[in-house]
Each structure stands twice: as structure tokens, then as C-alpha cells.
Amino acid sequence: MDRQPIVCNTCTGVLLTTDSRDYTTQRGRLIVTNGYCSCPPAQKATPAVTSTAAPEPLAQRPVTETAMVNA
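All figures in this text were calculated on a predicted structure; none of them were measured in a lab.

For the rest of this paragraph, the subject is the pattern of salt bridges. Applying the stated criterion to the full structure yields one salt bridge. A salt bridge links Arg 21 to Asp 19; the nearest nitrogen and oxygen atoms lie 3.0 Å apart. Residue classification places Arg 21 among the exposed positions, given a relative accessible area of 66%.

With the rule as written, the count across this model stands at zero aromatic pairs. Its end group placed over the ring of Tyr 23, Arg 27 keeps NZ or CZ at 5.4 Å from the ring centre.

The residue Leu 16 is located in the segment before α1 (25–34) in this model. Of the residues examined, Leu 16 reaches a relative accessible area of 65% and is grouped as exposed. Beyond its immediate sequence surroundings of up to four residues, Leu 16 is in contact with Tyr 23 and Tyr 36.

Further remarks concern unusual backbone geometry. The phi dihedral of Thr 12 falls on the positive side, at around 60 degrees, and the residue is not glycine. Structurally, Thr 12 can be placed in the segment before α1. Given a relative accessible area of 44%, Thr 12 falls into the partly exposed group.

Further remarks concern the environment of Asp 19. Tracing the backbone through its elements, the reader meets Asp 19 in the segment before α1. Polar side-chain contacts of Asp 19 include one of 3.0 Å to the side chain of Arg 21.

This part is about a nonpolar patch on the surface. On the surface, Leu 16, Tyr 23 and Tyr 36 cluster together into a nonpolar patch covering about 330 Å² of accessible area. A residue is classified by how much of its surface remains accessible, and Tyr 36, at 43% relative accessible area, is partly exposed.

With that settled, the discussion passes to the side chain of Arg 27. Inspection of the secondary structure assignment puts Arg 27 in helix α1. Ignoring any residue separated from it by four or fewer positions in sequence, one finds Arg 27 in contact with Pro 5, Ile 6, Val 14, Leu 15, Thr 17 and Asp 22.

The rules behind each value
Residues numbered from 1 in each chain as written. Predicted model: local features only at pLDDT ≥ 70, side-chain atom pairs only at ≥ 80, totals over all residues. Heavy atoms only, no water. Salt bridge = Lys/Arg side-chain N within 4 Å of Asp/Glu carboxyl O. Buried < 20%, exposed > 50% of the residue type's maximum accessible area, 1.4 Å probe, protein only. Phe/Tyr/Trp six-rings, centres within 6.5 Å; stacked < 30°, edge-to-face > 60°. Lys NZ or Arg CZ within 6 Å of the ring centre and 35° of its normal. Helix = DSSP H or I, 4+ residues; strand = E, 2+ residues; numbered from the N terminus. Contact = heavy atoms within 4.5 Å. Polar contact = N/O pair within 3.5 Å; in protein donor to acceptor, adjacent residues only side chain to side chain. Patch = residues over 30% accessible without salt bridge, like charges linked within 9 Å, V, L, I, M, F, W, Y side chains within 5 Å. Areas by Shrake-Rupley, 256 points an atom, 1.4 Å probe, with all protein chains shown as cover.

Following this line, the structure appears as C-alpha cells:
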């Protein structure tokens with residue numbers, strides 16, 4: 001199991017977790033002494049647009065009048 005750090009490297013506050021099992025006695029003591037992390041949340045990177053041109057339409061298949069199903 002990959003363990004995440006408990007304390008923020010920037011502000012030394014305790015990082016939040018979604019798993020209640022991570023809130024141990026050690027983490028509780030750190031919360032009392034250091035408080036929670038006060039850093040602003042990291043923003044997700046926006047995907048880069050490779051081109052501004054509209055995508056080319058896909059070639060369409062010719063329409064047939066009848067189709068044989070289960071033949």
C-alpha cells in the first residue's frame with residue numbers, strides 16, 4: 001500500500017485524507033500542534049490544444065437500401 005505523506009512540505013500542516021483509518025493518534029497530535037494544511041489547493045493542468053482548426057469530417061459510407069441480417 002502506497003502511503004502518502006502526513007505533513008505538507010510547504011506549511012508543515014497536516015494534510016487531509018479521505019480514509020478515516022488514516023486518522024491515527026499520531027496524526028491527531030500533529031493536527032493539534034501544527035494544524036491542518038493551509039496551502040491553496042493545486043489546480044489541475046488544462047489540456048493543451050494542438051490545433052485551432054475544426055476536425056475534418058469522417059468519410060461516410062454509401063447508404064444501401066437493403067441489408068441482409070442473419071443471412
